[in-house]
Structure formats: structure tokens, C-alpha cells
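Here are the chains, one letter per residue:
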Amino acid sequence: MTLQIELSGVNKYYGAFHALKNIDLAIEDGTFVALVGPSGCGKSTLLRSLAGLETISGGDMKIAGQLMNNVPPRKRDVAMVFQSYALYPHMTVEENLTYSLRIRGVKKADARKAAEDVATTTGLSHLLKRYPRELSGGQRQRVAMSRAIIRHPKAFLFDEPLSNLDAALRVHMRKEIRALHERLHATFVYVTHDQIEAMTMADHVVVMRDGVIEQQGRPLDLYDTPANRFVAGFIGSPAMNFIPATVAEDGQSLILNLGASDQRVATGRSLPAGKHVIAGLRPEHLLVTTTGDATFKVPVAFVESTGSATYVTTETQPELTVVETGRGAISSGDTIGLWIAPDKIHVFDRESDLRIS
Ligand code: ATP
């Protein structure tokens, strides 16, 4: 596999503001990468820097082996798909698709043929003569993607392309973009603040915060072994529960500090005795049990049901979220037993927030 995108030590300043801090990233050709993180973390700045719409302040940025630091956007051979679609309103779909080819001198008949071919794969054949205002949001998004596909770029850069669409269409378009990636085998870099989108669409997820890459890797590796508390809390929905804890004198159990009631949990692992840590427990890994094997017992504050799942919030400090599939028979005021599989407990250093185990 060849590297299609290589960033080393990339920094970006806006005046005194340090927006990208020493970004290292190596993306193999054909990978679907998601850049994800909370608002202001620098993901759009990183994408725009790849497109050449921002000039980086330091470091090296290569696309297909070629140094791009000072190469203008139109010479980078990357295609950007925006949230706003950025279609030309006075041009038909066909004219929108062929515009980039026409300005590069491609003959009218060849450009039309290319537009028809792309429109076939993106389901736009019957809409080629329409204007953008005559299209739905999903159709406009498809035109924006088709306009990128027609150029056969070295990489596709997506900037939150689905955030203007309603929930159902967003779920549908996720699948379409994923299918498009499988068809084209091209490199996709996809910016989103939605971790579910990142997890379900990408081969490689890059989690950012405050201009720094906190962790990158395969989606389920980030879910299973988050490198720090931030990634642990960001990936997964509902979010992971965090409980202050101390490693017991046996170097193996955790004393969870749930307000007034400390709870002892065996981890089956070797931990530094006496250390103050944070225990991370995913809501789906806390199992409600009525038998005697409960790891601990807690009162219930309230219960929410979506029909397919039940979310239980405990009356503890900190409160815990527990997810049960189905309806359950729990009510507020009940006391429930919770069972935790020892290998599902995440342990983080209380000072550094880094994963210990
Ligand atoms: P969002 O999801 O809200 O779009 P983001 O992660 O994409 O967030 P960026 O747009 O990359 O964030 O912005 C990163 C940081 O850089 C933010 O704090 C933002 O205010 C700042 N920033 C972005 N563009 C500029 C600019 N032109 N001048 C000064 N600061 C900027």
C-alpha cells in the first residue's frame, strides 16, 4: 500500500492562536479516514489545510508523495465536498458536473459523456437538466459528490457533508457515501463532529481535541482501548461512566467511590496498590441482575425507554447510566444489582487521564 496523505509535524497558527499542534498522520491510499472531535478542535482547519484553502505554519504535508506546502488548491488534485454543497445556482446539474472539466479544456461531448457516467453511478441520470433549487437536500448532496467524482481526484475531502440533512436522510446518505467509497477505492477524508458517523463509516478514525490528535486507529480499537479519558468519553453513546476509585491493597480490586457508598470490584488485573484512579464503565457493560451475583447494588433515580432500549440513571454520586435492551421492569426508587464483567472495566490515571489498564 502506498501512502496517499502524509503529514509530519504540521502546525497552524491563526495569529497567536495555535489551531493545529504537531499533527502527524499517515493515510494509505484507498482508506476512509474520519476526523472527529468537538467544535473548535481543528478538524476543519486540518481538512482545509489539505485542500490548500489554509496555509500551514510549519511541518510537511504530502499528497501522493508530493510536497504540497506551497502548492495552490487547484494544483493539488483533491476534491472538496462541502456541507453547503456549494453548487452553482444558475447552472443545471449537468453544467455543475461538467464545469471543472470544461475549464480544463475537455471537449463538450466528452464532458457530457463523463457527466452521464457519473450520474448513472450516483442515481442522478433523470435530474441532469434540473437546477439546484429544484432538488432535495439529499439530491444536492449527491450532485456535490458527483462533481468531485467526475474529476478523479487523488483524495476526496468531505467537510461535514451531511449536517444539513434530516436524521433519516443522514442515515441513508451515510450508507451511500460508504458504498461510494467501496466502489471508487479512493482516499476519503471525512470531517464530522458525530462520533457515530465516524465509527460507522470510516476505516480509520482520528480523534482531535484543542488542535491535538488524541488518538487514531480502527473504530473498534478506539472503543475497546481508548488511550485516555477524553477519547473514552467521546467515543460511545451513551457516554462512558467515570467513577473516582482507589486500587485496593491487593493491587487487583478497585474501591469505587460512589458518594456515600464505596463499592469493591475485582478487576482480575494487576494494578498499582493504593493508586487514585478513574474507573470507566460503559453503560452497555453494566448489567442489571436480580440474582445474588451483583457486583454492587444502587438505587434508581429515573428510567427512560426508547422502546427498543431502556436507559436507567442511578441515584449515586456520580450518577451512572445503564443501558438495557428491551423494556425491563425497573422503576425509579427501586434498588438494582449491577454486574460488571471484570475485563470491561477501563482504568485511567486520575492525574494524567491516561489509560493504565
Ligand atoms: P466545528 O465543528 O465547530 O466546525 P472544527 O473542529 O472544525 O470545529 P476549526 O474550524 O478547525 O474547528 O477551528 C479550530 C479553531 O481555530 C477554533 O478555535 C477556531 O475559532 C479557530 N479558527 C478557525 N479559523 C480561524 C481564523 N480564520 N482565524 C482565527 N481563528 C480561527
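Read on for an overview of the structure. Bear in mind that the values here come from a model prediction, so they are computed numbers and not experimental data.

Cut-offs used in this document
- Residues numbered from 1 in each chain as written.
- Predicted model: local features only at pLDDT ≥ 70, side-chain atom pairs only at ≥ 80, totals over all residues.
- Heavy atoms only, no water.
- Near = heavy atom within 4 Å.
- Polar contact = N/O pair within 3.5 Å; in protein donor to acceptor, adjacent residues only side chain to side chain.
- Areas by Shrake-Rupley, 256 points an atom, 1.4 Å probe, with all protein chains shown as cover.
- Helix = DSSP H or I, 4+ residues; strand = E, 2+ residues; numbered from the N terminus.
- Nonpolar A, V, L, I, M, F, W, Y, C, P; charged D, E, K, R; others polar.
- Pairing = 2+ DSSP bridges.
- Axes fitted to C-alpha atoms, helices over the stretch in contact; angles between N-to-C directions.
- Phe/Tyr/Trp six-rings, centres within 6.5 Å; stacked < 30°, edge-to-face > 60°.
- Buried < 20%, exposed > 50% of the residue type's maximum accessible area, 1.4 Å probe, protein only.
- Lys NZ or Arg CZ within 6 Å of the ring centre and 35° of its normal.
- Salt bridge = Lys/Arg side-chain N within 4 Å of Asp/Glu carboxyl O.

In this section: the site of the ligand. In the vicinity of the ligand, the contacting residues are Tyr14, Phe17, Ala19, Pro38, Ser39, Gly40, Cys41, Gly42, Lys43, Ser44, Thr45 and Glu160. Lys43 has a polar side-chain atom sitting 2.7 Å from an oxygen atom of the ligand. Within the side chain of Ser44, an N or O atom sits 2.6 Å from an oxygen atom of the ligand. Notes on the ligand: free accessible area 630 Å², of which the protein chains cover 57%. Of all the secondary-structure elements, those providing two or more residues to the shell around the ligand are β2 (17-28) and α1 (43-51). Ranked by residue count, the leading element in the shell around the ligand is α1, at three residues. By residue class, the composition of the shell around the ligand is five nonpolar, five polar and two charged.

Taken in spatial order, the six strands make up an open sheet running β6-β7-β8-β3-β9-β10, and their pairing is mixed. Of all strands in the sheet, those bounded by a partner on one side alone are β6 (78-82) and β10 (212-217). Across the sheet, the axes of successive neighbouring strands diverge by a mean angle of 15 degrees, strand direction being ignored. In the sheet, strand β3 (residues 32-36) pairs with strand β9 (residues 204-209) via four bridges, with the strands oriented parallel. Among the inter-strand pairings, Val36 is bridged to a residue of β9, identified as Val207.

Geometry of an aromatic ring pair is reported as the spacing of the ring centres plus the angle between the planes. With the rule as written, the count across this model stands at nine aromatic pairs. Residues Phe158 and Phe188 carry aromatic rings whose centres are separated by 5.0 Å and whose planes lie at 45 degrees to one another, so their mutual orientation is tilted. Of this pair, Phe158 sits in strand β7 (residues 155-159) while Phe188 is found in strand β8 (residues 187-192), placing the two residues 30 residues apart along the sequence. For Phe158, a relative accessible area of 0% puts it in the buried group. Ring pairs connect the aromatic residues Phe32, Phe156, Phe158, Phe188 and Tyr190, which therefore count as one cluster. Across the ring face of Phe242, the terminal group of Arg229 is positioned such that the distance to the ring centre comes to 4.7 Å.

What follows deals with the sheet that holds strand β18 (residues 321-325). One open sheet holds the five strands; their spatial order is β15-β19-β16-β17-β18, and the pairing between them is antiparallel. Here the strands that pair on one side only, and so sit at the sheet edges, are β15 (286-289) and β18. Sheet twist, expressed as the mean angle between neighbouring strand axes with direction ignored, is 50 degrees.

Looking now at the pattern of salt bridges. Tallying each qualifying case throughout the model produces 15 salt bridges. The shortest N-O distance in the salt bridge between Glu214 and Arg209 comes to 3.1 Å. On the accessibility criterion, Arg209 (32% relative accessible area) is partly exposed. Linked through salt bridges whose partners overlap, the residues forming this network are Lys12, Arg48 and Glu54.

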